Amino acid sequence: MVQKLDQKLPVANEYLLLSGGVREGVVDLDLDELNVYARGTDYDMDFTLLVPALKLHDRNQPVTLDMRHSALCHSWLSLRLFDEGTISKWKDCCTIVDHINGATNYFFSPTKVAGWFYDSISIVLSEIQKKPQRGMPKVEKVQKNGTIISIILGVGSSRMLYDIVPVVSFKGWPAVAQSWLMENHFWDGKITEEEVISGFYLVPACSYKGKKDNEWRLSFARSEVQLKKCISSSLMQAYQACKAIIIKLLSRPKAISPYHLRSMMLWACDRLPASYLAQEDYAAHFLLGLIDDLQHCLVNKMCPNYFIPQCNMLEHLSEETVMLHARKLSSVRSDPAEHLRTAIEHVKAANRLTLELQRRGSATSIPSPQSDGGDPNQPDDRLAKKLQQLVTENPGKSISVFINPDDVTRPHFRIDDKFF
């Protein structure tokens, strides 16, 4: 529907839906402007949706990633070599730099793209609210947080939080990460190199000293989805447990995000023997190992990006912040079980609150006008239940959903490369 407004979005687009919101660090955005939403009070499940504004998958399309002005893992994107039609379409979302020789260079601006995207989504959602259709979810909240758009939708009896991120999608692999492919990795022989390097993104996030109107961050979210297939369930359990413990403990002042923890986990997979990582009952060992790795990275202010190791994601931290978080981690390491119990109690409390709010809502609800007098939750829940079933039956696989905005009741699905 956004594409129909001004035809800026690619007609044939592919969106990557990640489990967990931006606040949980599913992509490396590290934004401080995000408002605080509470699970149970504001939403029941959260996701991050990457929406390509530009889709650069044509090998004949010249692309200029200009990294001269940026920190490692970041880049400006020049549209100078693009055709006149593309430049004209996106000119209002570019910053313009005039050179001495008279040439004009257009740089795709993450802040301007995010502003256009928010305005477009607001128009679409306003139309949906004016003319509700059968099967459409209820829009409960829309908010712009920096370059991220957060939408909470009522889907049947559940509330879904979607952090929607406008991105630039590339096919292939960037030259700056080429040397990483030359090393030995834990996934060698388990998945093909083609699966790992099928594509990457530019996401709208600048470095700590970067120019926010021009600078994008390289993201390898598609590759990370593939690598997760090669990580044992015990290690993933340990990662989830560690994330649950540290996500709030180390949130102020902002220093460590779940993305740092995920990078450490991937490095551990490369470093440790495969036979050790495959142990099914070693989740507790892995949890202690992740905490120790995190402490080591903090004290040394060193956490290399997994795909671009020359990029240290902690070099900006002050000594004061490092020591504060190191002391907090020491308390976790002395009694991890107690901290884990506390995290679990928080989740249980959120679930109880969700059930209580649902109970109150069902006691006061009236049939929806588009529900034809039947169960008002049934049409909205159908797609969610189908997705839940597919995720359960296809662990570790990539699931795509294709929806025609003119008929949202008939979705098509793809599991890896199989359509049905």
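The written sequence of each chain sets the order in which its residues are numbered from 1. For this predicted model, a pLDDT threshold of at least 70 governs which residues receive local features, and a threshold of 80 or more governs which side-chain atom pairs are given and counted, while totals over whole chains, interfaces and linings are taken from all residues. For the side-chain quantities, the full set of heavy atoms in the structure was used; hydrogens and water were omitted.

Going by the annotation in an unreviewed UniProt entry, the name recorded for the protein is Nucleotidyltransferase MB21D2, with Galemys pyrenaicus given as the source organism. UniProt positions are given in the numbering used here, feature names are shortened, and annotations may be inferred rather than shown by experiment. Annotation of the protein in UniProt includes, under Sequence similarities (unreviewed entry), the sentence "Belongs to the mab-21 family." For the record of the protein, the UniProt heading Function (unreviewed entry) holds the text "Probable nucleotidyltransferase that catalyzes the formation of cyclic dinucleotide second messenger in response to some unknown stimulus."

J.: Outline the overall build of the protein, listing residues and values.
T.: The helix and strand labels rest on DSSP assignments: H or I over at least four residues marks a helix, E over at least two residues marks a strand, and numbering proceeds from the N terminus. What the protein contains, in helices and strands, is twelve helices and 14 strands. Type-normalised accessible area, obtained with a 1.4 Å probe on protein chains alone, sets the label of each residue: buried when under 20%, exposed when over 50%, and partly exposed for intermediate values. With 420 residues in all, the protein has 45% of them scored as buried. Pairs of residues are marked as contacts when any of their non-hydrogen atoms sit within 4.5 Å. Taking contacts inside the protein between residues at least 6 apart in sequence as the whole, the part at least 24 apart equals 68%. Accessible area for the protein stands at about 21,700 Å²; split by element, carbon and sulfur atoms hold 54% of it. Values of accessible area rely on a 1.4 Å probe in the Shrake-Rupley scheme; residue burial ignores everything except the protein chains shown.

J.: Mind laying out the packing of helix α6 (residues 233–249) against helix α9 (residues 283–300), listing which residues take part and the relevant values?
T.: Between N-to-C directions, angles cover 0 to 180 degrees, with each direction set by a line fitted to C-alpha atoms, over the stretch in contact for helices. Closest axis-to-axis distance for the α6/α9 pair is 8 Å, and the angle between their directions is 50 degrees. Classed by the angle they form, the pair α6 and α9 counts as oblique. Helix-helix and strand crossings are classified by hand; for α6 and α9 the assignment is right-handed. Along the contact surface, α6 presents S234, L235, Q237, A238, Y239, A241, C242 and I246, while α9 presents A283, F286, L287, L290, I291 and L294. Here the nonpolar group is Ala, Val, Leu, Ile, Met, Phe, Trp, Tyr, Cys and Pro; Asp, Glu, Lys and Arg are the charged ones; every other residue, Gly included, is treated as polar. Within the contact of α6 with α9, the residues separate by chemical class into twelve nonpolar, two polar and no charged. Geometric relationships in this document are graded by angle, where less than 35 degrees denotes roughly parallel, more than 145 denotes roughly antiparallel, 65 to 115 denotes roughly perpendicular, and other angles denote oblique. The handedness criterion is simple: a crossing whose near helix is rotated anticlockwise from the far helix by less than a right angle is left-handed, and one whose near helix is rotated clockwise is right-handed.

J.: Pulling in residues and values, what's your account of the environment of S169?
T.: As for its position among the elements, S169 is in strand β9 (residues 158–171). Exposure remark for S169: the relative accessible area of 3% places this residue in the buried category. Measuring from C-alpha to C-alpha, the distance between S169 and N13 comes to 9.7 Å, with 156 residues separating the pair along the chain. Once you skip the residues sitting within four places of it in the chain, S169 turns out to touch P52, L54, K55, L56, H57, F200 and Y201.

J.: Help me get a handle on α9, residues and values and all.
T.: Over its 18 residues, α9 extends 26 Å from the first C-alpha to the last, a length consistent with the 26 Å expected when each residue adds 1.5 Å. Those residues of α9 lying buried are F286, L287, L290, I291, D293, L294, Q295, C297 and L298. Backbone geometry just downstream of α9 places K301 in the positive-phi region, at approximately 50 degrees. Expected span, for any helix, means 1.5 Å times one less than how many residues it has.

J.: Lay out the nonpolar core in plain terms, naming residues and giving numbers.
T.: Among buried residues, those of type Ala, Val, Leu, Ile, Met, Phe, Trp, Tyr and Cys that are joined through side-chain atoms within 4.5 Å constitute a nonpolar core. Core analysis: the biggest nonpolar cluster contains 87 residues, and L79 and F108 have the highest contact counts within it. For this core, the element with the highest residue contribution is α6, accounting for eight residues. In contact with F108, other than residues within four places in its own chain, are A53, L54, L77, L79, W90, C93, C94, V113, V168, N214 and W216. One finds V26, L34, L50 and A221 within the second-largest nonpolar core, a separate group that totals 16 residues.

J.: Now, about the environment of G40: what can you tell me, with residues and values included?
T.: Tracing the chain through its elements places G40 in the loop between β1 (16–19) and β2 (45–56). Note on G40: relative accessible area 0%, which makes it buried. For the pair G40 and R352, spaced 312 residues apart in sequence, the C-alpha separation works out to 7.7 Å. Non-local contacts of G40, meaning those with residues more than four positions away in its chain, are made with R159, A350, L353, T354 and L357.

J.: Now, about the pairing of strand β11 (residues 216–219): what can you tell me, with residues and values included?
T.: Side-chain alternation along β11 places W216 and L218 on one buried face and R217 and S219 on a second face that is also buried. With two bridges joining them, strand β4 (residues 74–78) and β11 adopt antiparallel strand pairing. Within the sheet, the bridge partner assigned to H74 lies in β11 and is R217. Two strands form a pair only when DSSP identifies at least two bridges running between them. Of the pairings in the sheet, the one linking strand β10 (residues 199–203) to β11 comprises three bridges and is antiparallel in character. What sits directly across from L202, in β11, is L218.

J.: Describe the packing of α6 against helix α7 (residues 258–271), naming the residues involved and giving the relevant values.
T.: One way to put it is that α6 packs onto α7 with a least axis distance of 10 Å and a crossing angle of 150 degrees. Judged by the angle between their axes, α6 and α7 are roughly antiparallel. Where α6 crosses over α7, the two elements pack in a sense that is right-handed. Along the contact surface, α6 presents L235, M236, Y239, C242, K243, I246 and I247, while α7 presents P258, L261, R262, M265 and C269. Across the contact of α6 with α7, the residue classes tally to ten nonpolar, no polar and two charged.

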